[in-house]
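# Descriptive structure summary
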Amino acid sequence: MNNQNIESVLQEARKFEPSAEFIEKSNFKSLQEYQDLRERSLEEPEKFWADLAQSQLHWFKQWEKVLDWQPPIAKWFVGGKLNISYNCLDRHLHSWRKNKAAIIWEGEPGDSRVITYAQLHREVCQFANALKQLGASKGDRIAIYMPMIPEAAIAMLACARIGAAHTVIFGGFSREAIKDRLNDAQVKIVVTADGGYRKDKVVPLKPQVDLALSDNGAPSVEKVLVVQRSNSPTEMVEGRDYWWHELRKSVSSECQAQEMDSEDMLFILYTSGTTGTPKGVVHTTGGYNLYSHMTTKWVFDLQETDVYWCTADVGWITGHSYIVYGPLSNGATTVMYEGVTRASNPGCIWDVIEKYGVTIFYTAPTAIRAWLKMGEEHPNSRNLTSLRLLGTVGEPINPEAWIWYHRVIGGERCPIVDTWWQTETGGIMIAPIPSVIPTKPGSCTQPLPGIQAEIVDLDGNGLLANQGGYLTIKYPWPGMMRTVYGNPERFRKSYWEHIQPKDGQYFYFAGDGAREDEDGYFWVMGRVDDVINVAGHRLGTMEIESALVSHPAVAEAAVVGKADSLKGEDIFAFITLESSYSPSDKLAESLKQHVVEEIGAIARPGEIRFTDALPKTRSGKIMRRLLRGLASGGEIVGDTSTLEDRNVLDQLRESI
Ligand code: WT7
């Protein structure tokens, strides 16, 4: 098992209880109330979800069947009609929420916008009409490759409004990663911006789209809609590329939300797996709307007056569910920030909290570790007393980071919700309900109502307390992914075949090892497959390997994760070279740069090690387990008898 790597000096066995003040103002005031809910969810799951769907969402037409479960295919609220953009916008316009801030946006250079629900509705309608004018209609796929500006959320909601599925491509990806996604999803329209701001520099985006589309790279793409953000010089292709600020002059600000079937596709989001190219995770309308809505309300104890801020990028599922859909469906105020912590402005995060009086703050352990290193004088010199709840997501959190977050950011009064979930699950699966579940640093605590999570062995048998095993979900939930876009077989293979209960049941498994302690608290230990988690970003080792071998100098590449005190894991690549090349620092540097150009900066290897040969089994499989051990500088554990050539190992060991 790919055990979590961050070395922990601090041992922390305390349990942290929410304060009386927090409980008093919360949605769940007693453990009993919560336990009743949870029990009901296990006894009558369909009724449980149906009641919530009824009371929490607006439906144009009621469903006929709550759940149709033909493993591994689940359909929720079958026959129901709704539109998530209606639930996020229109229904709030009938109350005083109309003039409530929906999005508070802060740009990196210091510009800002506050957009009310009424204004957001108007913008989304206009954007939807612009997309229609470019030929979009229900069922089309539209890619969104944007910086963190309100138009990213507006474009998502506009797609949802007209029934086109969006596929958001993280703004840090580059040409090959973009091209793969455009082709896999057969995208018709790309929404992008001229550029965005990142660490005080303008990062061009439109030119990356141009590269992806060059040489007929993505023939399905007909139009490109460009938002002006950075005023960068931009080449526009006649008949293909359009400026949003030009188009909007001529479009109506009314656009009725399309009635969508509950199971109509809402979006595709690509994520890395063990093998092959990234998988297009498909989420549908009704189940996803309900699940992102409920989990936002439960886990963040969302209240009408909260100012809620999730620091993720909309390019990841966290941004989809917890910047855009979950908060807006609840009628909350959601903060969007274009910037990141940078040397020139080490206190920018705390400034945003102070400026807007943020009450709920949701971020990643990697970011917390970076802030910890920068020193507490930055948060300490700002007023953070508006905060009442903190959250983390994306990777396990080490006790040092947890305690620092609790003490320095939370002033020892804010509960911390450690939320475990995945792109595939649509929303948070295991996390505390902050007012009733005490927390333990490093544990995501307990499954949410309606979620039947268990740690099992490969036969699906439950394990004893504290025994490590596979983290599975044993019953469908509304937010679950429906399929891998265009590849139902891959869906079945990737998620439903690892665990094989003897009685033929289907358990969902997406790659994490975990244990459950004697109090029923879950401790996620990390991936058990060839997926690595770099700074909370999920990367397939194979994707990075294919980028490396596409460089003319590289014969073979093997990529593994290496423990890193800041990023959790870093990328370590072993390379064998074509005979006409020889190892050098310069070559290592250009291989790193090559990966950045192919995939993006998040995939840049931290270390490249040249070797004459890679350790392989007699059948030619690279023995990654050995490489992982070598990369981490540890001893090689386990059996090496299947190794084809033992000398390879000795050589590698010497080189490290
Ligand atoms: C993988 C999913 C879910 C949004 C962000 C990442 C790891 C996620 C936690 C947590 C330990 C976590 C898992 C998971 N992960 N949250 N609270 N504690 N590990 O989404 O890119 O789909 O990655 O992130 O390994 O499988 P993703």
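In what follows, the structure referred to is the one given above.
Let me begin by describing the structure that accompanies this report. (Residues numbered from 1 in each chain as written. Predicted model: local features only at pLDDT ≥ 70, side-chain atom pairs only at ≥ 80, totals over all residues. Heavy atoms only, no water.)

### Examining the overall build of the protein chain
Rules: Counting from the N terminus, the helices are DSSP H or I runs at least four residues long and the strands are E runs at least two residues long. Put simply, the radius of gyration uses C-alpha atoms, and a globule should come to 2.2 Å times the residue count raised to 0.38. Think of it in three bands: with a 1.4 Å probe and only protein chains considered, a residue is buried below 20% of the maximum accessible area for its type, exposed above 50%, and partly exposed in between. Residues are treated as being in contact if the distance between any of their heavy atoms lies within 4.5 Å. Under the convention used here, a 1.4 Å probe and the Shrake-Rupley method define accessible areas, while residue burial counts only the protein chains that appear. Positive: Lys, Arg. Negative: Asp, Glu. His and the chain ends are not part of the count. In this description, the location of a charge corresponds to atom NZ of lysine, CZ of arginine, CG of aspartate or CD of glutamate.
When you go through the protein chain residue by residue, the secondary structure sums to 20 helices and 30 strands. For 656 residues, the compact-globule estimate of 2.2 N^0.38 gives 26 Å, and the protein chain sits close to it at 24 Å. Taking the principal axes of its C-alpha atoms as reference, the protein chain extends roughly 75 × 65 × 55 Å. For the protein chain, the proportion of its 656 residues judged to be buried stands at 61%. The long-range fraction of contacts in the protein chain, counting pairs at least 24 apart against all pairs at least 6 apart in sequence, stands at 71%. Carbon and sulfur atoms make up 48% of the accessible area of the protein chain, which amounts to about 24,900 Å² in all. Between the mean site of the 68 positive side-chain charges and the mean site of the 84 negative ones, the protein chain shows a separation of 3 Å.

### Quick word on the pairing of strand β22 (residues 469-473)
This is how the line gets drawn: When DSSP finds two or more bridges between two strands, those strands count as paired.
Counting buried positions along β22 gives four out of five residues, so the element sits mostly inside the fold. Examined bridge by bridge, strand β21 (residues 453-456) and β22 share four bridges and lie antiparallel to one another. Within the sheet, the bridge partner assigned to A453 lies in β22 and is I473. Inspection of the sheet shows β22 paired to strand β24 (residues 508-516) by four bridges, in the antiparallel sense. Note on β24: the bridge partner recorded for G469 is A514.

### Structural notes on the pattern of salt bridges
The line we're drawing: Whenever a carboxyl oxygen of Asp or Glu lies within 4 Å of a side-chain nitrogen of Lys or Arg, that contact is scored as a salt bridge.
Enumeration over the complete set of coordinates arrives at 46 salt bridges. Notably, a salt bridge pairs E454 with K474, separated by 2.5 Å at the nearest N-O pair. Of the two residues, E454 is situated in strand β21 and K474 in the loop between β22 and β23 (483-484); the sequence distance between them amounts to 20 residues. The network of salt bridges with shared partners includes K15, K440, D517 and D519.

### Digging into the packing of helix α6 (residues 150-162) against helix α11 (residues 317-329)
Going by this rule: Here, axes are lines fitted to C-alpha atoms. For helices the fit covers the stretch in contact, and angles between N-to-C directions go from 0 to 180 degrees. Between 65 and 115 degrees an angle is taken as roughly perpendicular, under 35 as roughly parallel, over 145 as roughly antiparallel, and anywhere else as oblique. Left-handed describes a crossing in which the near helix is turned anticlockwise from the far one by less than a right angle; the clockwise case is right-handed. Polar here means any residue other than Ala, Val, Leu, Ile, Met, Phe, Trp, Tyr, Cys and Pro, which are nonpolar, and Asp, Glu, Lys and Arg, which are charged; Gly is therefore polar.
Relative orientation of the contacting elements α6 and α11 amounts to 60 degrees, with a least axis distance of 11 Å. As the angle between them shows, α6 and α11 are arranged oblique. Where α6 crosses over α11, the handedness of that crossing is right-handed. Residues A153, M156, L157 and A160 of α6 form the contact with α11, whose participating residues are H320, V324, Y325 and L328. Residues of the contact of α6 with α11, tallied by class, amount to seven nonpolar, one polar and no charged.

### Focus: a negative patch on the surface
Which entries qualify depends on this criterion: Every patch collects residues that have over 30% relative accessible area and no salt bridge, joining them within 9 Å if they carry like charges and within 5 Å if they are nonpolar side chains (Val, Leu, Ile, Met, Phe, Trp, Tyr).
A contiguous patch of negative charge on the surface is contributed by E33, D36, E39, E43 and E44. Among the structural elements, E43 can be located in helix α2 (residues 31-43). Judged by relative accessible area, E43 falls into the exposed class, the value being 60%.

### So, the pairing of strand β11 (residues 223-227)
Summarising burial for β11: four of the five residues are buried, a large majority. Pairing analysis gives three bridges linking β11 to strand β12 (residues 241-243), with the strands arranged parallel. Bridge pairing in β12 places L225 opposite Y242.

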